[in-house]
Amino acid sequence: MTGSRTRRILLGAAAPVGALLVAFLITSVLLLLTGSNPFDAFGAMASAFGRTRIILGTINQTAVYYLAAVAVAIGFKMNLFNIGVDGQYRLAAMLSAAVAGASFMSNLPGPLRIAITLIVAMAVGAFWAGIAALLKVTRGVSEVISTIMLNAIATFVVAYLLTPQMLAVLEGNNISTPRITDGGQVSVITFEGSTTPLFTLGILAVIVGAIYALVLSRTVFGFSIKATGLSESAAIASGISVNRMIVSAMLLSGAVAGLIGMPELLNGSAASYSLNFPTGIGFTGIAVALLGRNHPVGMVFSALLWAALDSSANALQGVGVARELVTIMQGVIVLSVVVAYEFVRRYRLVLEARDVARALAVQTPEAVAV
Amino acid sequence: MTADALPSPAGRDSAGKDPTGQVAVQLTGITKRFPGVVANSDINITVRRGTVHALVGENGAGKSTLVKTLYGMHQPEEGTITVNGSQVTFHSPADAIAVGIGMVHQHFMLADNLTVWENIVLGAEQMGSGGRLDVRGSRARIDELGRRYGLMVDSGALVETLGVGARQRVEILKVLYRGAEILILDEPTAVLVPQEVDELFGNLRELKSEGLTIIFISHKLDEVRAIADEITVIRRGTTVGTADPKTVTNRQLAEMMVGSALPVPELRESTVTQRAILQLAGVRVAGPDGREVLSDITMTIHAGEVLGIAGVEGNGQAELVDTIMGIRPLAGGSIELAGKDIGRSSTASRREAGVGFIPEDRQRQGLILEGSLWENRILGHQTRRPSSRGFLLDRSAAKADTRRIVEEFDVRTPSIFVTAASLSGGNQQKLIVGREMSEDPVLLIASHPTRGVDVGAQAAIWDQLRTARAAGLAVLLISADLEELIGMSDRLTVILRGRLTGSYDPRTVTTQQLGAAMTGAGDDHVGEVA
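Residues numbered from 1 in each chain as written. Chains lettered and ligands numbered in written order. Predicted model: local features only at pLDDT ≥ 70, side-chain atom pairs only at ≥ 80, totals over all residues.

Let us look at the overall build of chain A. Scanning chain A from N- to C-terminus turns up 14 helices and two strands. Counting only C-alpha atoms and orienting by the principal axes, one finds that chain A spans roughly 85 × 55 × 35 Å. The buried share of chain A, reckoned over its 370 residues, is 45%. Sequence separation of at least 24 residues holds for 77% of the intrachain contacts in chain A that already meet a minimum separation of 6. (Helix = DSSP H or I, 4+ residues; strand = E, 2+ residues; numbered from the N terminus. Buried ≥ 20, exposed ≤ 12 C-beta atoms within 10 Å, placed from the backbone. Contact = placed C-beta atoms within 7 Å.)

Below, the structure is given as structure tokens:
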């Protein structure tokens, strides 16, 4: 089966690579139409990586995107569309920041403080996703609708809690949760000549990715998730409780979503949650998961690509091109990859059916009738 | 096979007009291959205009494949199709519709929340001035079609308010509205009760007398003999001959359909024990609308016994299976497995307690088509050895056991790593049977275990059932194939409108008696038999 294994990998890579090429082509046409030179633009983006700061920023961002992608992918594996990763992440980041910055924490040992922060973040994320899961299994509410609404609600809850009367403090013009005091954060690795350090909590992405891969391929739970996603009716007939799987998957998805903000909170220089905290990462996670096909390794590459595009976007301004070009590229990549994956999926099934037929034709030349 | 339960053949003399000699459709040497199998080979059929031409054959004989070819849903590798004298090539159903071929599917394709006329014009809208839908014109045309062919249905009614017979008339109108002159009806009577069958046949005679041509697919021989002007028999993917419905007997037709070298379903000496394995008492189940779909089901299956359930599809068989498997909740009554109440247990714990399940629709309930064979081996057995140990999958043991199944049950596959989708139906079924016989089940729910599988697989599956029965397995067998039911059961019962209506001895019962009981025609004497 080594031949078919090689083919499987080649086919799997063909779609994203093809989508990338299409994206480059379309953006090149756009650049030409607007009177810019595509080679200059892409050249400027590429040369941005000559700087350590850009490379470190890319790595940090890759970890964050990867966490977001895994959060989305857990749902995708079950045909659950958790659009609420963004809301889960923001609410979790805000509340865990408030706990981490709370005064009682200063008396606790550092590792415990960090552990508490992480656990609170995961619990809040899981709780927020759990609401959607509960609505789905008890009332049949589509998780697509409920998680979109929960995103909006999260925005208002965060705005409400992020006031001096509630959990925030006002410092000058900036309102944020109380700064995490020394010992409550995780140290970073600094590099010569770079203002951006390496976020050590990127390790969270590695751990989460490893657990995700192991659970999916090696456990009964992971098997049940995949089976439910591929055929709900077969899963039910096989004794898999679909409702239980929905709740578990949503809780896990939310818990991972809760971790998305941790590198920024516990490694970042602000050491607090404020209105400057990045938003929309949950949505980026959807794109990254799609491009990476929910595969633990595939999503590493897609997260890296997304982060690299983001990090090099500013370099475009040096050659007089708007940085939004990158957003267009990302959009085109997602669109073309969705089409390409479906195409490859069908092609693969046809190819396999033909192979099986050919292999069997040798054994039983006169197999007749269905 | 149920002569007395069927619509009378009155009116076969329709208008005394003998079919004109003109050929409407001619299929010559049609061959269609699918991965691993030749579904149709060298099919030759001549259908004359203004006649009802029946295509009969067993389940899986290749009727549907042929119909799909004729309707342009796929292209044959060899052979030609001639319609009204000119050779045609169909790339899609649209091409078939363009030359006047229409298809009435076995499963209705109607939108419940739209009206009859909306359903009919959907996709074939006539535009009036300014690109607006010509409502009045469309409705007038539909009403006119209905009057002309005697297909009476209120074009303004919501489809959800219609009965099965009326829905079928809507389907036929839909096809006529698109200008069809050659109608393909795929198993049109499968969903109808006898009175509705009578009505349908009346409509078909009307259509025929207006010069339309009807291709009628069925495996119900009495119906075919009642309505057809000519019969073509298909066996194992090829046409084996034609018959004149006026002179041919059911027996002759059946022999043509089945051939003589087929395996015979039969059990040898009784292995029935006194040990009750499955006991249902007063089981009631409610449908989604709250109406009872199963009423007062009481039955016992012993170790080493096969209980066969006969019935027209849709009389509660699927619900009964789902209830025993724990997929549908009980509304009342009790289910015991080997003396233990399992009426409230989950599907998983019932399976762990030793219930094997061969589902009616293997592609929907029995397999993950995009999963590999070894992953499908785990399905339904994911909580037990050899598939898993604790919460971890035991991948190597699962793979090894898949190889055993492939070997023992003769699943034809190049490897256990290919997807289930790439296997033929018979091999998919053998994999399922092998899987469900693993881990020593005490009870096997076998729903249409040999439906749509080839003859070799059918014989193999029967063999496995016999062996397991001898080893003390209790089997609930549900099948539409009466011969299989009679041959493979130790005891028979009939399900009708959600109730078990009698108990029969397969050694003495005839298909006629069963058929009568299945349609309710034998209601009056059921009590005595039971």
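Residue and element names in this part refer to chain A. We note that the domain assignment places domain 1 (1-36 + 321-360) and domain 2 (61-319) within chain A. For domain 1 versus domain 2, the separation of C-alpha centres amounts to 28 Å. Across the contact, 13 residues belong to domain 1 and 12 residues belong to domain 2. A per-element tally of the side of domain 1 that touches domain 2 places helix H14 (residues 325-363) first, with nine residues. For the side of domain 1 that touches domain 2, the residue count by class is 11 nonpolar, one polar and one charged. (Domains from an automatic or database assignment. Nonpolar A, V, L, I, M, F, W, Y, C, P; charged D, E, K, R; others polar.)

The next subject is the nonpolar core. Generally speaking, a soluble globular protein has its nonpolar side chains buried in company with each other. Among the nonpolar cores identified, the biggest contains 181 residues, and Leu67, Ala68, Ala69 and Val70 of chain A together with Ile445 of chain B are the most heavily contacted of them. The greatest single-element share of this core, amounting to 13 residues, is contributed by helix H3 (residues 52-76) of chain A. (Core = buried A, V, L, I, M, F, W, Y, C linked by C-beta atoms within 7 Å.)

All right, on to the interface of chain A and chain B then. Between chain A and chain B, the residue contacts involve 31 residues of the former and 50 residues of the latter. Breaking the side of chain A that touches chain B down by element, the ones donating at least two residues are helix H8 (220-230), helix H9 (232-237) and H14 of chain A. For the side of chain A that touches chain B, the element with the most residues is H14 of chain A, which contributes nine residues. Residue composition of the side of chain A that touches chain B, grouped by class: 19 nonpolar, nine polar and three charged.

Turning next to the domain arrangement of chain B. What the domain assignment lists for chain B is domain 1 (22-92 + 212-261) and domain 2 (276-529). On a C-alpha basis, the centres of domain 1 of chain B and domain 2 of chain B stand 32 Å from each other.

Bringing the sheet that holds strand S3 (residues 52-56) of chain B into the picture now. All names here are of chain B. Pairing in this open sheet of six strands is mixed, and the strands run S6-S7-S8-S3-S9-S10 from one edge to the other. Only two strands of the sheet have a single partner each, and these edge strands are strand S6 (101-104) and strand S10 (238-243). Taken pair by pair, the neighbouring strands of this sheet meet at an average axis angle of 20°, ignoring direction. Across the sheet, helix H1 (residues 63-70) is in contact with S3, S6, strand S7 (182-186), strand S8 (213-218) and strand S9 (230-235); its angle to S7 comes to roughly 150°. Helix H8 (residues 250-258) rests against S3, S9 and S10 of the sheet, and its axis sits at about 35° to S9. (Pairing = 2+ DSSP bridges. Axes fitted to C-alpha atoms, helices over the stretch in contact; angles between N-to-C directions.)

Residue and element names in this part refer to chain B. The residue after Arg385, namely Pro386, is reached through a cis peptide bond having omega 5°. Assignment of secondary structure puts Pro386 in the loop between helix H12 (373-378) and strand S17 (388-389). Of note in this structure, Asn84 is not a glycine but carries a positive phi near 50°. Mapped onto the elements of the fold, Asn84 is located in the loop between strand S4 (78-83) and strand S5 (86-88). Positioned with a positive phi, Asp410 is a non-glycine residue whose angle comes to about 55°.

Let's shift gears to the pairing of S10 of chain B. Residue and element names in this part refer to chain B. The pairing of S9 with S10 spans five bridges and is classified as antiparallel. Bridge pairing links Val233 to Gly241 in S10. Linking S9 back to S10 in an antiparallel pair, the connection comprises two residues, with Arg236 at a positive phi of about 45°.

Another aspect to go through is the packing of helix H4 (residues 85-101) of chain A against helix H10 (residues 242-259) of chain A. A packed helix pair is summarised by two numbers, namely the angle formed by the two axes and the spacing between the axes. All names here are of chain A. Where H4 meets H10, the closest approach of the two axes is 7 Å, and the angle between their N-to-C directions is 55°. On the basis of the axis angle, H4 is oblique to H10. With respect to the hand of their crossing, H4 and H10 are arranged in right-handed fashion. Packed against H4, whose contacting residues are Val85, Gln88, Tyr89 and Ala92, the element H10 presents Gly254, Ala257 and Gly258 at the interface. Here the residues of the contact of H4 with H10 sort into four nonpolar, three polar and no charged. (Parallel < 35°, antiparallel > 145°, perpendicular 65-115°, else oblique. Left-handed = near helix turned anticlockwise from the far one by under 90°.)

Once that is clear, we can look at the sheet that holds strand S12 (residues 292-302) of chain B. Residues and elements named next belong to chain B. One open sheet accounts for four strands, arranged S12-S11-S14-S15; its pairing is antiparallel. Looking at which strands have only one partner, the edges of the open sheet turn out to be S12 and strand S15 (340-341). Alignment of strand S11 (residues 276-286) against strand S14 (residues 332-337), held across five bridges, turns out to be antiparallel. Pairing of Ala281 across the sheet is with Ser334, part of S14. Helix H9 (residues 317-325) contacts S11, S12 and S14 of the sheet and is inclined by roughly 65° relative to S12.

This part covers helix H12 (residues 281-291) of chain A. Residues and elements named next belong to chain A. Counting buried residues along H12, 10 of its 11 residues qualify, which places the element largely inside the surrounding structure. Buried residues of H12: Ile281, Gly282, Thr284, Gly285, Ile286, Ala287, Val288, Ala289, Leu290 and Leu291, and no others. Just beyond H12, the residue with positive phi is Arg293, at close to 55°.

Here we take up the confidence of the model for chain A. For chain A, mean pLDDT is 89; residues scoring 70 or higher make up 96% of the total. No element of chain A has a lower mean pLDDT than H14 of chain A, which averages 80, and none a higher one than helix H7 (residues 203-218) of chain A, which averages 96. (pLDDT = per-residue confidence, 0-100.)

Let us now look at the confidence of the model for chain B. Should pLDDT be low for a region, the predicted coordinates there are not to be read in detail. All names here are of chain B. Taken residue by residue, chain B gives an average pLDDT of 83. The fraction at 70 or more is 89%. Counting contacts from residues 1-19, a segment whose pLDDT is below 50, to residues more than four positions away or on other chains yields 44 contacts. In this model, residues 523-530 is a region of pLDDT below 50 whose contacts with residues beyond four sequence positions or in other chains number eight contacts. Predicted complex, confidence summary: ipTM 0.84, pTM 0.74.

Once that is clear, we can look at the pairing of S7 of chain B. Residue and element names in this part refer to chain B. A large share of S7 lies buried, amounting to five of its five residues. Of the two faces of S7, both are covered, the one formed by Ile182, Ile184 and Asp186 as well as the one formed by Leu183 and Leu185. For S6 and S7, the ladder comprises four bridges, and the chain directions are parallel. Its bridge partner lying in S7, Gly102 is registered against Leu183.

Let us now look at the packing of H8 of chain A against H10 of chain A. Residues and elements named next belong to chain A. Here H8 crosses H10 at 110°, and the two axes come no closer than 10 Å. On the basis of their axis angle, the class for H8 and H10 is roughly perpendicular. Of the residues in H10, those touching H8 at Ser224, Ile225 and Thr228 are Val242, Met245 and Ala249. When its residues are assigned to classes, the contact of H8 with H10 shows four nonpolar, two polar and no charged.

This part covers H9 of chain B. Residues and elements named next belong to chain B. The buried count for H9 comes to eight of nine residues, which makes it a mostly enclosed element. Within H9 the residues assigned to the buried category are Gln317, Glu319, Leu320, Val321, Asp322, Thr323, Ile324 and Met325. The first or second residue beyond H9 is Gly326, which carries a positive phi of 85°.

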